[in-house]
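Next come the chains, spelled out residue by residue.
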Amino acid sequence: MSIIMKRVAFVTGADRGLGFFLASWLLENKYSVFAGQYMKESESLDALKKQYPDRLTLIPLDIGDRESVKQAARSISGSTAHVDMIINNAGIIHRADDATMLVDMDDEAMAHIYNVNTLGSLRVSNELMGLLMQSKQKLIVNISSEAGSIGRNKRINMYGYCMSKAALNMQSSLMHNHLKVMGGQVMVFHPGWLQSYMNGEKALEAPIPPEESARKIMNIVQEHKKYMGEEPAYLDLDGNAWPW
């Protein structure tokens, strides 16, 4: 008799916004979820934990800190022998990054953005690679942005954020090259302009609720093999290819 392995996913930045609703969707669809929690307190995650006490594990995590990522990976490896899906959702922007070339630029703020948005996801994927290799699925989902697209760029500012997402896209390509020979893949998403908290306050002027974006992303992810190819899939919420 074959043993049916439970499906396991890890989501970073699950405290609120898109990450929270990605974790919620996974739980609703019978995944066991490790949720990376940046804030010390999250009423939303606490409530979700009460709803799914056996399948949701909260993991303290700051992806901008190497030791925090290593500790998170140790905690996860102590609870599961495999991870099917890594969703690198956590990311930041910085008000100082609004500057153009006509004013002084805050390169320290830009370096911090890069450390989190690009190196942070790389740290997570690298530390969990051993567990991912134990899965048949071997899927990494990176939440990027239209800001990472060089082909569609019309901006004149946000150098740090845009460059961090463009670098995340290159990272995704490198990781995909590694995984595809073993039957795995990387998917990259432009999640739309979300009503998120990346500025510290909820962006109510944005047109897309995070729960809608999460649902559309995960519906596409469920058909991930359809998008398997030589390059990682860089997609919008309708499953259309987004220009690199």
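What comes next concerns the included structure. None of these values were measured; they are calculated from a predicted model. (Residues numbered from 1 in each chain as written. Predicted model: local features only at pLDDT ≥ 70, side-chain atom pairs only at ≥ 80, totals over all residues. Heavy atoms only, no water.)

1. Details of the nonpolar core
With 35 residues, the main nonpolar core has Leu26, Met85, Ile87, Phe189, Ile217, Met218 and Val221 as its most contacted residues. Considering each element in turn, this core owes the most residues, seven residues, to helix α1 (residues 17-28). If sequence neighbours within four positions are ignored, Val221 has contacts with Met85, Leu139, Val141, Met187 and Phe189. Core analysis: the second largest hydrophobic core is formed by 25 residues, Ile59, Leu61, Ala72 and Val83 among them. (Core = buried A, V, L, I, M, F, W, Y, C linked by side-chain atoms within 4.5 Å. Buried < 20%, exposed > 50% of the residue type's maximum accessible area, 1.4 Å probe, protein only. Helix = DSSP H or I, 4+ residues; strand = E, 2+ residues; numbered from the N terminus. Contact = heavy atoms within 4.5 Å.)

2. A look at the packing of aromatic side chains
What describes a pair of aromatic rings is the distance from one ring centre to the other and the angle between the planes of the rings. Counted by the stated rule, this structure contains two aromatic pairs. When the ring of Phe20 is compared with that of Phe21, the centres are 5.2 Å apart and the planes differ by 80°; the resulting orientation is edge-to-face. Relative to Trp244, the ring of Tyr234 has its centre 4.6 Å away and its plane inclined at 45°; by these criteria the two rings are tilted. Note that Tyr234 is positioned in strand β7 (residues 233-235) and Trp244 in the segment after β7, a separation of 10 residues in sequence. Using a relative accessible area of 2% as the deciding quantity, one classes Tyr234 as buried. Using a relative accessible area of 34% as the deciding quantity, one classes Trp244 as partly exposed. (Phe/Tyr/Trp six-rings, centres within 6.5 Å; stacked < 30°, edge-to-face > 60°.)

3. Considerations on the pattern of salt bridges
Tallied over the entire structure, the rule returns five salt bridges. Here Lys180 ties to Glu230 by a salt bridge, and the two come within 2.9 Å at their closest N and O atoms. You can see Lys180 sitting in helix α6 (residues 159-180) and its partner Glu230 sitting in the loop between α7 (210-221) and β7, a full 50 residues away along the chain. Its relative accessible area of 22% is what places Lys180 among the partly exposed residues. In this structure Glu230 comes out as exposed when scored by relative accessible area, which is 61%. A salt bridge links Lys216 to Glu212, with the nearest nitrogen and oxygen atoms 3.2 Å apart. Pair noted here: Lys216 and Glu212 are both in helix α7, with a separation of four residues, about one helical turn. Residue Lys216 is classed as partly exposed on the basis of its relative accessible area, which comes to 25%. (Salt bridge = Lys/Arg side-chain N within 4 Å of Asp/Glu carboxyl O.)

4. Concerning α6
Spanning 22 residues, α6 covers 31 Å between terminal C-alpha atoms, matching the ideal 32 Å at 1.5 Å per step. Among all positions in α6, only Gly160, Tyr161, Cys162, Ser164, Lys165, Leu168, Asn169, Gln171, Ser172, Met175, His176 and Leu179 are buried. Of the surrounding secondary structure, the elements contacted by the buried residues of α6 are α4 (107-127), α5 (129-132), β5 (139-143), β6 (185-189) and β7. (Expected span 1.5 Å × (residues − 1).)

Fair warning: the whole summary comes from geometry, so function is off the table for now.
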